Amino acid sequence: MTEMHSTSHIETPKGIGRRTFIGYIIGGTTLVAAANVGLLDEPAGAAPTATVVADVYDLNDVLKEAAAPTSMLISVAVHEDGTASFELPRAEVGQGVTTSIAMLIAEELELPLAKVNVTLAPARPELMFNQVTGGSNTIYSMYTPVRVAAAVAKKALLEAAATLLGDTVDRLVVKGGEIMDSAGNVVTYGEAAKLAVVPETAEVEVELKPTSEHRLVGTPQSRKDARAAITGKKRFAMDLDIEGALPAMVCRPPQLRGTVKTVRNAAEVKRMSGVTHVVEIPTGVAVRAKTFGQCIDAVRALDVEWNPGPVDGESDKSILERVKKAEAPLAVPKIPILAKTLDREFTFYFRSGSPLEPNCAVADVRADGAEIWASAKAPIVAAESIALKLGLPVSSVKFNVVEGGGSFGRKLFWDGAEEAALISKACQAPVRLMWHRADEPRQGRLHPMATSRIRATYLGSEVLTFEQRHTSVQTDYGHGFGEILTAAAENLPVSGNLTYSQMIFQLATFQPYNLGVTTQLLTETDDRFPTSAVRNIYSPDVRTAVELVIDELAGKLKKDPFEFRRALLRKERVKKVLEKVAAEGGWGKPMPAGMAQGIAIHEEYKGASACLVEIDCRPETVNRKVRDARTGPLVTKVTFAIDPGLVINPRGVEAQMQGGISDGIALALTNSNHLLDGHFLEASWDNSAYTRQWNTPRDIRVFVDPTGGEPGGIGEAGVASAFAATACAYARATGVIPTAFPINHNDELHFEPKPFIPPVPPSPTDGLEHTF
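What this report covers is the structure whose coordinates are included nearby.

### A closer look at the packing of aromatic side chains
- Overall, the coordinates contain 10 aromatic pairs when judged by the stated rule.
- Here a set of aromatic residues connected by ring pairs shows up, and it is made of Phe348, Phe723 and Phe741.
- Its guanidinium or amino end placed over the ring of Tyr143, Arg147 lies 4.1 Å from that ring's centre, counting from NZ or CZ.
- Sitting above the plane of the Phe413 ring, Arg445 keeps its charged end 3.6 Å from the centroid.

The structure is reproduced here in structure tokens:
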């Protein structure tokens, strides 16, 4: 359920209220219009009560301003059939940005949504920092450039129609892709588009449609690709019909990042049915065959001697000890002698960043060039890096961005595409590479293990100081800001990656509460793991630690957790969503022993969210039996409210919040990876125990409560507060504050680990026996 609410007073952020922009009519044979906002937009102003860096200038501001100088290179085209098209320089991985962008274009062009086609642009190196998808930044960065390009196209159409109708532009009316004069004569967009074509590029000034006149933006719309997705017609990388591209898979080492020492039976495996090639690559031994089933059989048959990986012999325990040794000290400033101190430490274990779609790519590498098809959030640096690996000029590598089945930060890296290119080069033939489901949690990208330590001091009913020291296995930012220069800078031997980590932490970490003297610092250590900026990066762990301590402070000060938060909050919009979930979720209602409510807030992505969770920790619930499942405590109800600023598609916001809620529940209760003897034990989504049907709340209500202004980010906005609220609910239901997440990580495994040699299980033959 989604509810839209109006706000009587909306402040327009500095730089957003202007509606006059410069754009271009691009010379050519089709009406193409582009935006230029790089010189007109103003930098974000400082918030009047700023106490942290992110209040003044956050990660979204960085990404938006980095993209602005090349904004004139993206364009909207109007065709002779009356449709409009746009190549989006971002990834669509299920978050619905193609629908939201289409809505913006349709709104500005006065065109039916069905007549706007948004596809994904291939890697375009000339865009520099304007083709990277991350930080829930797509709509925030693209909001103005896309509208300007559409407005320029509309102005050209009106001027062409005025010529055809013998009238003036100010007397014309536009509706549904048709232009009508005062006498009722009509010219279609398609007819006007023919005349609107110009031989040379020309500068144009346009005025954007005011939000008060929006008829489509802000209304709930189903995704344009929804029918294709549910009928199996949506095309992902593995659905593409690329001539000669046969299936390929990789036999991977038993240890994390191990390498090949010797392949003892390559010739024998190559003689197996359907197998065409067996080749070594840096990450293992690749097999190309006529079917994926034959690839699996060949991978299982390979006899490989492996060199150990960089974490040989390491386990959760040893890595946690390493992280603890890197922890920065807590240093409380001078406080009154009667003040009391509260110290808490929390541990967050490794968890896989794998999406539902296995890592995959299609590659066709030839002597004079290469073409690649894959889902990618940083395709420019992917193409540039692959060109270096292949020894080809960047201009000879074409990287086609395909829609992906999820990402969660995983597809900021291009290891699958790179592997496919290297295999194709070695085989001298096109390949269709797919990682096995077992490959991803064992060799794929991870959210790093971390600890978060907090020290708070208080006197009477006042919190005096609040310190947080977050210490983590290093998060890999080797993708840079989407192109090879910043990616190379990340790999510099002195403070390369750590500089990125510190910057991103400070730009993404808000302190919504008034807690006296406050510091929140990051320390990272250990770069041996294949980590990535998994959904919401540091915030879920940081926020959960803070909210648990807020609950404990409320208890020590004999305050209601909701009232305590409301009194401490610094910003009205955060207070508003907190009050919304408390009212709609019935905060404080009586609950049976073993059940409880938890409440939490989060601020990020130019927005604010709050979550109220009800959890059942009664023995009969915790010990319920589901075949091959991790059960445990059950979240029975979630009430969620978000203020994302200006809302483009409220139905899309609701969907993203539901996904974030499932993520948050999993992070609190069930989802992690176990490291033992240098390798991760999990080999599937079942093993990793993500939120499944038996652990999903039966009652989820999402309230979209926008304050207008500029559109914020929503792709990751639901995770942190849902994780924190679930943890707080668990603590109140059991009377025990959890200090390690997920709470069941150190329990007995709920699965029997699959073998590491061979690295993948056999293809199943009993699928029908596992249906319900």
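### What about the sheet that holds strand β3 (residues 31-36)?
- Reading across the sheet, the 6 strands line up as β6-β5-β4-β3-β2-β10 and stay open at both edges, with mixed pairing between neighbours. The open sheet is flanked by β6 (116-120) and β10 (202-207), the only strands paired with a single partner. Pairs of neighbouring strands in the sheet enclose a mean axial angle of 30°, with direction left out of account.
- Relative to β6, strand β5 (residues 84-88) runs parallel, the two being bridged by 5 bridges. Bridge assignment links Leu88 to a residue of β6, and that residue is Leu120.
- Strand contacts of helix α4 (residues 138-165): β2 (20-26), β3, β4 (75-78), β5 and β10, with the helix running at about 140° to β3, the strand carrying the most contacts.

### Considering the side chain of Thr639
- Summarising the element assignment, Thr639 is placed in strand β28 (residues 634-643).
- If we skip the residues at most four places from it in the chain, Thr639 touches Val581, Glu584, Gly585, Ala610, Cys611, Leu612, Arg701 and Phe703.

### A short note on a nonpolar patch on the surface
- Side chains of Val173, Met180 and Val186 sit close together on the surface and give an oily, nonpolar patch of about 230 Å² of accessible area.
- Among the residues examined, Met180 registers a relative accessible area of 37% and is labelled partly exposed.

### Considerations on the pattern of salt bridges
- Inspection of the entire model under this criterion finds 48 salt bridges.
- One salt bridge connects Arg570 with Asp55, and the closest N-O pair in it is separated by 3.0 Å. Here Asp55 lies in helix α1 (residues 53-56) and Arg570 lies in the loop between α16 (561-568) and α17 (572-584), a separation of 515 residues in the sequence.
- Note that Glu327 and Arg453 form a salt bridge whose closest N and O atoms lie 3.4 Å from each other. Of the two residues, Glu327 sits in the loop between α9 (316-325) and β16 (340-348) while Arg453 sits in strand β23 (residues 450-459), which places them 126 residues apart along the sequence. Of the two residues, Glu327 and Arg453, neither departs from the other in class, the shared state being buried.
- Among the ionic contacts, a cluster of salt bridges with common partners joins Glu92, Arg223, Asp225, Lys234 and Glu403.

### Considering unusual backbone geometry
- Each neighbour pair has its own omega, and for Phe741 with Pro742 the value is 0°, a cis peptide bond.
- Mapped onto the elements, Pro742 comes out in the segment after β32 (740-741).
- The phi torsion at Glu110 lies on the positive side, around 60°, for a residue other than glycine.
- Assignment of secondary structure puts Glu110 in the loop between α3 (97-109) and β6.

### Things to note about α9
- Buried residues of α9: Asp316, Ile319, Leu320 and Val323, and no others. The buried residues of α9 occupy one face: seen down the axis, they fall within an arc of 100°. Among the exposed residues of α9, those pointing more than 90 degrees away from its buried face are Lys317 and Lys325.

### Some details on empty space enclosed by the protein
- Inspection of every chain in the model, using the stated rule, returns 10 cavities of 30 Å³ or more.
- Taken as a whole, the largest cavity spans an internal volume of roughly 250 Å³.
- Around the largest cavity, the lining is made up of 15 residues, and of these Ser352, Ser354, Asp663, Asn671 and Tyr690 lie nearest the centre.
- Of all the secondary structure elements, the ones that give two or more residues to the lining of the largest cavity are β17 (351-352), α19 (650-669) and α20 (685-688).
- Class assignment for the residues of the lining of the largest cavity results in 7 nonpolar, 5 polar and 3 charged.

### Digging into helix α8 (residues 292-301)
- Considered for burial, the residues of α8 that qualify are Gln294, Cys295, Ile296, Ala298 and Val299.
- Those residues of α8 that are buried lie in contact with β11 (246-251), α7 (266-270), β13 (275-281) and β14 (284-289).

Scoring rules and cut-offs
Residues numbered from 1 in each chain as written. Predicted model: local features only at pLDDT ≥ 70, side-chain atom pairs only at ≥ 80, totals over all residues. Heavy atoms only, no water. Phe/Tyr/Trp six-rings, centres within 6.5 Å; stacked < 30°, edge-to-face > 60°. Lys NZ or Arg CZ within 6 Å of the ring centre and 35° of its normal. Pairing = 2+ DSSP bridges. Helix = DSSP H or I, 4+ residues; strand = E, 2+ residues; numbered from the N terminus. Axes fitted to C-alpha atoms, helices over the stretch in contact; angles between N-to-C directions. Contact = heavy atoms within 4.5 Å. Patch = residues over 30% accessible without salt bridge, like charges linked within 9 Å, V, L, I, M, F, W, Y side chains within 5 Å. Areas by Shrake-Rupley, 256 points an atom, 1.4 Å probe, with all protein chains shown as cover. Salt bridge = Lys/Arg side-chain N within 4 Å of Asp/Glu carboxyl O. Buried < 20%, exposed > 50% of the residue type's maximum accessible area, 1.4 Å probe, protein only. Arc of directions from axis to C-beta. 1 Å grid on protein atoms, 1.4 Å probe; cavity = no way out; pocket = protein on both sides within 12 Å on 5 of 7 lines; lining within 4 Å. Points joined across faces, edges and corners; volume = space filled by probe spheres on them. Nonpolar A, V, L, I, M, F, W, Y, C, P; charged D, E, K, R; others polar.

Just geometry here; none of it tells us what the structure is for.
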